[in-house]
Amino acid sequence: MLRLKIEERDVYITQDDITKLDCECIVNAANKSLLGGGGVDGAIHRRAGAELLRECRTLGGCETGEAKITKGYNLPAKWVIHTVGPIYSGSKRDAKLLADCYRNSLELAAKYNIHSIAFPAISTGVYGYPLKEATEVAVQAVKKWLADNKDYSIEVIFCCFDKRTYDIYKAYADKNNI
Ligand code: AR6
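Because the structure is predicted, anything quoted here is derived from the model rather than measured.

What counts and what doesn't
Residues numbered from 1 in each chain as written. Predicted model: local features only at pLDDT ≥ 70, side-chain atom pairs only at ≥ 80, totals over all residues. Heavy atoms only, no water. Helix = DSSP H or I, 4+ residues; strand = E, 2+ residues; numbered from the N terminus. Rg over C-alpha atoms; globule rule 2.2 N^0.38 Å. Buried < 20%, exposed > 50% of the residue type's maximum accessible area, 1.4 Å probe, protein only. Contact = heavy atoms within 4.5 Å. Near = heavy atom within 4 Å. Polar contact = N/O pair within 3.5 Å; in protein donor to acceptor, adjacent residues only side chain to side chain. Areas by Shrake-Rupley, 256 points an atom, 1.4 Å probe, with all protein chains shown as cover. Nonpolar A, V, L, I, M, F, W, Y, C, P; charged D, E, K, R; others polar. Pairing = 2+ DSSP bridges. Disulfide = S-S within 2.5 Å.

Asks: Could you give an account of the overall build of the chain, with specific residues and numbers?
Replies: Helices and strands together make up the secondary structure of the chain, namely five helices and seven strands. Element order for the chain, N to C, with α for helix and β for strand: β-β-β-α-α-β-β-α-β-α-β-α. Computed over C-alpha atoms, the radius of gyration of the chain comes to 15 Å, within 12% of the 16 Å expected from 2.2 N^0.38 for 178 residues, which places it in the range of a compact globule. Along the longest, intermediate and shortest principal axes, the C-alpha atoms of the chain span 45 × 35 × 30 Å. In the chain, buried positions account for 50% of the 178 residues. Within the chain, counting contacts between residues at least 6 apart in sequence, those at least 24 apart form 67% of the total.

Spelled out as C-alpha cells, the structure:
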C-alpha cells in the first residue's frame with residue numbers, strides 16, 4: 001500500500017480485492033442497468049448478497065458518468081456507490097465521462113457524509129479503456145474534486161485488482177511527483 005498526499009488529503013494506492021476493504025464506501029464499476037454483471041460488479045454483488053440486487057432494482061438504472069448509492073449489506077463497507085464508466089470508443093468524450101464517474105461519486109459521498117471511499121479502475125476491464133489514460137483521468141479527477149472541496153475531509157483509495165494496474169498507478173504518481 002502506497003500513501004500519497006493529494007490536496008492535503010490521504011490518498012492510497014493498494015493492490016487488493018475491493019470487496020474486502022474495510023472502508024466506509026466502495027465504488028462499483030457497474031453498467032447502466034445496475035443489475036449486476038461480471039468483473040468488480042459481479043464480485044460486489046456476490047459478496048454483498050441478494051439484498052443488494054433488490055435495492056438496485058428500485059433505482060431505475062444509471063446513466064454513463066452518473067452515480068447512485070446503496071447500502072453495502074454483507075460487505076465490510078457500509079455503502080456502495082454504483083457508477084457507470086464509458087465503454088471506450090476512442091472519442092474525446094470518453095475522458096469527460098470517466099472523470100464524471102469519479103466526480104459524481106465523490107459528490108454523492110460528501111452528501112452522505114462519507115469520509116473514506118475506495119475506487120476500482122473504472123472502465124479498464126470489460127469496457128476497454130486503456131489503463132494508462134484511465135489512470136491519469138482518475139487521479140486528476142480526484143485531485144480536482146479535492147481542490148474544489150477543500151473543507152471536506154475524505155480519504156481516497158485507488159484499489160487495484162492486479163499488479164499491472166497497481167504498477168501503472170504507482171508509475172503515474174512517481175512521474176508526477178504526487
Ligand atoms: N476488486 C477490485 N477491482 C476489481 C475486482 C475486485 N474484486 N474485480 C475486478 N476488478 P470491470 P468495467 C478490476 O470489467 O471495465 C461488468 O460486467 C478489474 O481488474 O469490472 O468498468 C459491469 O456490469 C479492472 O481493473 O469494469 C459492466 O457491464 C477494473 O476492476 C462492465 O463490467 C474494472 O473492470 C463494466 O466494465
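Back to the write-up after that little detour.
Asks: Describe in detail the site of the ligand, supporting the description with residues and values.
Replies: Contacts to the ligand come from 22 residues, most closely from Asn 31, Gly 38, Val 40, Asp 41 and Gly 125. Here Asp 17 contributes a side-chain N or O atom positioned 2.9 Å from a nitrogen atom of the ligand. A distance of 2.8 Å is found between an oxygen atom of the ligand and a backbone nitrogen or oxygen belonging to Gly 125. The protein chains hide 91% of the 700 Å² of surface that the ligand would expose on its own. Those elements that provide at least two residues to the shell around the ligand are β3 (25-30) and α1 (39-48). Considering every element that reaches the shell around the ligand, the biggest residue donor is α1, with four residues. Of the residues that constitute the shell around the ligand, the class distribution is ten nonpolar, eight polar and four charged.

Asks: Can you explain the pairing of strand β2 (residues 9-15)? Please cite residues and give values.
Replies: In terms of residue burial, β2 counts as a mostly covered element, since five of its seven residues are buried. Of the pairings in the sheet, the one linking β2 to strand β7 (residues 155-160) comprises five bridges and is parallel in character. Among the inter-strand pairings, Thr 14 is bridged to a residue of β7, identified as Cys 159.

Asks: How would you summarise the state of the cysteines if you had to cite specific residues and measurements?
Replies: Within the structure shown, the criterion is met by zero disulfides. Of all cysteine sulfurs in the structure, the one in Cys 25 sits closest to Cys 23, which takes part in no disulfide; the separation is 6.9 Å. Its sulfur unpaired, Cys 56 is 10 Å from the next cysteine sulfur, which belongs to Cys 62. Under the relative-accessibility criterion, Cys 56 is labelled buried at 1%.

The analysis is restricted to geometry; functional conclusions fall outside its scope.
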